[in-house]
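Results of the structural survey
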Amino acid sequence: MLFDDPDFQETIASVLVPVAVAGAYTYKVPPGKSVVPGTIVKVPLGPREVIGAVWDIEPDAAINPKKLKTISHVYDTTPPLDADLRRFVDWVANWTLGAPGMVLRMVLRSEEALEPEAPVPGVRRIEGAEPERLTPARGRVLATMEDGFAWTKSGLAHAAGVSTSVIDGLLQQEVLETVLMPAAPPPPKPQLDYAQKPLTPAQQVAVDGLTACFGKGSTVALIDGVTGSGKTEVYFEAIAEALRRGKQTLVLLPEIALTEQFLRRFEQRFGVYPAEWHSQITVKNRSRVWRGVASGDVQVVIGARSALFLPFKDLGLIIVDEEHDAAFKQDDRVPYSARDMAVVRGHLSGFPVILASATPSVESIVNAEVGRYKLFELPERASGAALPELTAIDMRQDGPERGRWLAPGLVQGIASTYAEGGQSLLFLNRRGYAPLTLCRTCGHRFQCAHCSAWLVEHRFQKKLVCHHCGHQEPVPKACPSCQSVDSLVACGPGVERIAEEVSERFPQARVLVLSSDIAGGPDRLKREMKIVEEGGADIVIGTQLVAKGHNFPLMKLVGVVDADLGLAHGDPRAAEKTFQLLAQVTGRAGRVTGGGKGFLQTYNADHPVIRALLSSDKKAFYQAEIEARRAAGLPPFGRLAAVIVSGPDRTFAEGFSRALARAAPPDQAVTLLGPAEAALAMVRGRYRFRLLAMAPRQYDLQAYLRHWLSTGPKPTKGLRLQVDIDPQHFL
Ligand code: ADP
Ligand code: ZN
Ligand code: ZN
């Protein structure tokens, strides 16, 4: 009988595939191939083929193997995903209530990375062979090749300073031979002792404390140090310790802070550039980094949040710099906090995780206070420079004249800074020229047709743009509502409008706008950051892009054009976020030399956030904020989860969210708020409603949600339901 023949026994395996289903699918393993948990495979799924990974789930033995499809390809040159990474994927899925396959998708994002890069042709010296005639050019080629290694033809020609025809001649004479060589040599290793700066005593204490965290299982350390205190220098020494122990390091930065400057600083310390991982790197580099991380050739990765899902061979340290930054939270697909999941990854694998910030999140401060995190404080700047002196400008009394946005006090400050050869930075977190355009004749306001948001005028591009869906339209000559010509007026300022005012007031000054949407993309931005760093601009106008991580040594003055901008939100973290942003941005002033000045233009000079900034009493601000959170049962003393319902039909979406709220199982521990129309009531043509569940810290909110959503009504007819655990954004 065929079935009893052991040679015919078929192996089956459960494979996690990148789709939004709860579990794994079962497949047959192709004859002659073997798989283990973590093996990356390609499998048929409906009409397509998808990349997946063999998972540690018992395959469904009840299924008749004859009915099963077969794994179509086994990537046997790629190391299997290790058990720690698989546990991490499961953990993140469980925490976010996402499908494990969708989390796995973040690991397997780069299909090209799964096959080794094809070797490239090169040339090598045939031993003992000599050319017929040794011309100077030939001599240079042979001298260059003295070490016996293979070269690409063009690389060799360049290095020897000859044309490729010289090399072709040597090939013809069989002095050289063609060989295949690896497409990319492994990257050079960071050098531990390349150039270590002498540390200040406070830095040395932190470094010793961090070094002591290694080899003791999972520890979380928080470096709370003022801007310019040398947090980067301190965690570089922790990287050195990880390298000493042969472990890989991941440094997570908010995407926006990933700059050339940071890479250069790494290079100055370790002699080589680290690998980069973010949305702007090329497919080829992405593949190389992925493979290098998996093989262990790449030892240090500097990346945006998605780098957390790279398949490190032996990860031993994660650093989350600017840990308070909301950019670490991903809101779409699988909503997760890269900071919190970094702590989880360290915990699962038993290695230290370092969080660093000049303005830590309230969550991390509380974790340090109760002893869950180890705290290292750096209260002074490394240069000894004093923190900037801050002044509030009360816009009700001392504001600018009509049609202007910069108060006389600020203008004076810029003028004297300019006269002394210093740089000024004006910060306004609004891209474009004006946030609202209206018709003077009929009052028509330009709104996005797909979102409940005003269209923002971008004057350089002559367009009206929606910042939520990207919709663009040309600025019309006539009002679309009353047809009046030339009746449109711009309301309020964006960075472009501030730049206009600055150029009018300081016609001689070199003015530069730094905003993520300026034409030319990240390369231009990198160049412009460098220009500022080197003193090639006098007055810089920037969005939050400039607030993060940069070191502009000549920056003397920082003016916050609208300090109240973040305070109005219905967001429980509005005060915290505004404090962090403004402390960071004003912290750009006088970092190296001291003597920095900061001006806050505000209509709320008595607001606790503004007062805390002025008195630089950071501790008092955090204590007040912590008490307010405790009293309200907000994070970290309580837990939050948002449920967002969206759909193309408003009434239907609203009706569904009400039905969902009614179906919520009664539970004393859980407070359910909503449904309420979202602050962004419509995005991309979808109407949005929000529910918010609150519970005490120890409560298993995920279990509650799972129960609720599995017993409650199911979304139909184009409705979408998204769960956001620990929401950071409340739009
Ligand atoms: P932070 O990350 O805390 O804002 P940085 O690490 O960027 O601070 O340091 C601020 C500046 O001070 C940088 O120019 C850095 O090179 C310099 N710096 C920091 N520590 C030292 C040190 N021990 N010796 C000399 N320069 C230092
Ligand atoms: Zn009109
Ligand atoms: Zn829109």
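Not measured: the values here are computed from a predicted model.

Let's talk about a positive patch on the surface
A contiguous patch of positive charge on the surface is contributed by Arg-48, Arg-105, Arg-109 and Arg-333. Tracing the sequence through the fold places Arg-105 in helix α2 (residues 100-107). According to the relative accessible area criterion, Arg-105 is partly exposed, its value standing at 38%.

Section: the sheet that holds strand β30 (residues 686-696)
Within the open sheet, the four strands sit side by side as β29-β30-β28-β31. Their pairing is antiparallel. Pairing within the sheet leaves two strands with one partner each, and these edge strands are β29 (671-683) and β31 (720-725). Within the sheet, the average angular offset between the axes of one strand and its neighbour, ignoring direction, is 20°. Here six bridges tie strand β28 (residues 638-647) to β31, and the two strands are oriented antiparallel to one another. In the sheet register, Val-643 faces β31, and the bridge partner there is Val-723. Here helix α19 (residues 650-662) sits on the sheet and contacts β28, β29, β30 and β31; the angle it forms with β30, its principal contact strand, is near 15°.

Details of helix α5 (residues 164-172)
Taken together, the buried positions of α5 are occupied by Val-166, Ile-167, Gly-169, Leu-170 and Leu-171. In this structure, the buried side of α5 is in contact with β6 (120-125), α3 (136-144), α4 (153-160) and β7 (176-181). A positive phi of about 60° marks Glu-174, the residue just after α5.

What to know about the site of ligand 1
Neighbouring ligand 1 are 17 residues, the closest being Pro-198, Gln-203, Lys-231, Thr-232 and Arg-265. A distance of 2.8 Å separates a nitrogen atom of ligand 1 from a polar atom in the side chain of Gln-203. Ranked by the residues each element gives to the shell around ligand 1, the list is headed by helix α7 (residues 231-244), at three residues.

Digging into the nonpolar core
With 55 residues, the main nonpolar core has Leu-252, Leu-308 and Ile-318 as its most contacted residues. Ranked by residues supplied to this core, first place goes to helix α10 (residues 338-349) with six residues. Built from parts of two domains, this core gets at least three residues from each of domain 1 (2-108) and domain 3 (201-378). Not counting the four nearest positions on each side in its chain, Leu-252 is found in contact with Gly-303, Ala-304, Arg-305, Ala-307, Leu-308, Ile-318, Ile-319, Val-320, Asp-321, Phe-328, Ala-338 and Ala-342. Listed in part, the 36 residues of the second largest apolar core include Ile-365, Leu-425, Met-529 and Val-540.

Quick word on the coordination of the zinc ion (ligand 3)
Distances from the zinc ion (ligand 3) to its protein donors, Cys-448 (SG), Cys-451 (SG), Cys-466 (SG) and Cys-469 (SG), fall at 2.3 to 2.4 Å. Between the four donor atoms coordinating the zinc ion (ligand 3), the angles at the centre fall across 107 to 115°, so the site counts as tetrahedral. Taken in chain order, the donor set of the zinc ion (ligand 3) reads C-x2-C-x14-C-x2-C. Taken together, the positions of Cys-448 in the loop between β19 (436-439) and β20 (456-458) and Cys-466 in the loop between β21 (463-465) and β22 (472-474) put the pair 18 residues apart, joining distant regions of the chain. Like Cys-448, the residue Cys-466 is buried in the burial classification.

Comments concerning the pairing of strand β1 (residues 12-16)
Of all the five residues making up β1, four are buried; the element is thus mostly covered by neighbouring parts of the structure. Judged from the four bridges that link them, β1 and strand β2 (residues 25-28) form a sheet pairing that is antiparallel. When the sheet's bridge partners are listed, Val-15 is paired in β2 with Tyr-25.

Regarding the packing of helix α1 (residues 83-96) against α2
Two elements in contact, α1 and α2, have axes whose closest approach is 8 Å; the angle formed by their N-to-C orientations is 130°. Put simply, α1 runs oblique to α2. Regarding α1 and α2, the two cross each other, and that crossing is right-handed. Seen from α1, the contacting residues are Leu-85, Val-89, Asp-90, Val-92 and Ala-93; seen from α2, they are Pro-100, Val-103, Leu-104 and Val-107. Split into classes, the residues belonging to the contact of α1 with α2 amount to eight nonpolar, no polar and one charged.

Some details on helix α18 (residues 618-632)
In this model, α18 (15 residues) spans 21 Å end to end at C-alpha, consistent with the 21 Å of a helix rising 1.5 Å per residue. Where α18 is concerned, the buried positions are Phe-621, Tyr-622, Glu-625, Ile-626 and Arg-629. With its buried residues spanning 130° around the axis, α18 presents them on a single face. Residues of α18 that are exposed and point over 90 degrees away from its buried face: Lys-619 and Ala-631.

Criteria and thresholds
- Residues numbered from 1 in each chain as written.
- Chains lettered and ligands numbered in written order.
- Predicted model: local features only at pLDDT ≥ 70, side-chain atom pairs only at ≥ 80, totals over all residues.
- Heavy atoms only, no water.
- Patch = residues over 30% accessible without salt bridge, like charges linked within 9 Å, V, L, I, M, F, W, Y side chains within 5 Å.
- Areas by Shrake-Rupley, 256 points an atom, 1.4 Å probe, with all protein chains shown as cover.
- Salt bridge = Lys/Arg side-chain N within 4 Å of Asp/Glu carboxyl O.
- Lys, Arg positive; Asp, Glu negative; His and termini not counted.
- Charge placed at Lys NZ, Arg CZ, Asp CG, Glu CD.
- Helix = DSSP H or I, 4+ residues; strand = E, 2+ residues; numbered from the N terminus.
- Buried < 20%, exposed > 50% of the residue type's maximum accessible area, 1.4 Å probe, protein only.
- Pairing = 2+ DSSP bridges.
- Axes fitted to C-alpha atoms, helices over the stretch in contact; angles between N-to-C directions.
- Contact = heavy atoms within 4.5 Å.
- Near = heavy atom within 4 Å.
- Polar contact = N/O pair within 3.5 Å; in protein donor to acceptor, adjacent residues only side chain to side chain.
- Core = buried A, V, L, I, M, F, W, Y, C linked by side-chain atoms within 4.5 Å.
- Domains from an automatic or database assignment.
- Donors = N, O, S within 2.8 Å, 3.2 Å for Na, K, Ca; no water.
- Tetrahedral: all angles 85-135°; square planar, octahedral: opposite > 155°, others 65-115°.
- Parallel < 35°, antiparallel > 145°, perpendicular 65-115°, else oblique.
- Left-handed = near helix turned anticlockwise from the far one by under 90°.
- Nonpolar A, V, L, I, M, F, W, Y, C, P; charged D, E, K, R; others polar.
- Expected span 1.5 Å × (residues − 1).
- Arc of directions from axis to C-beta.

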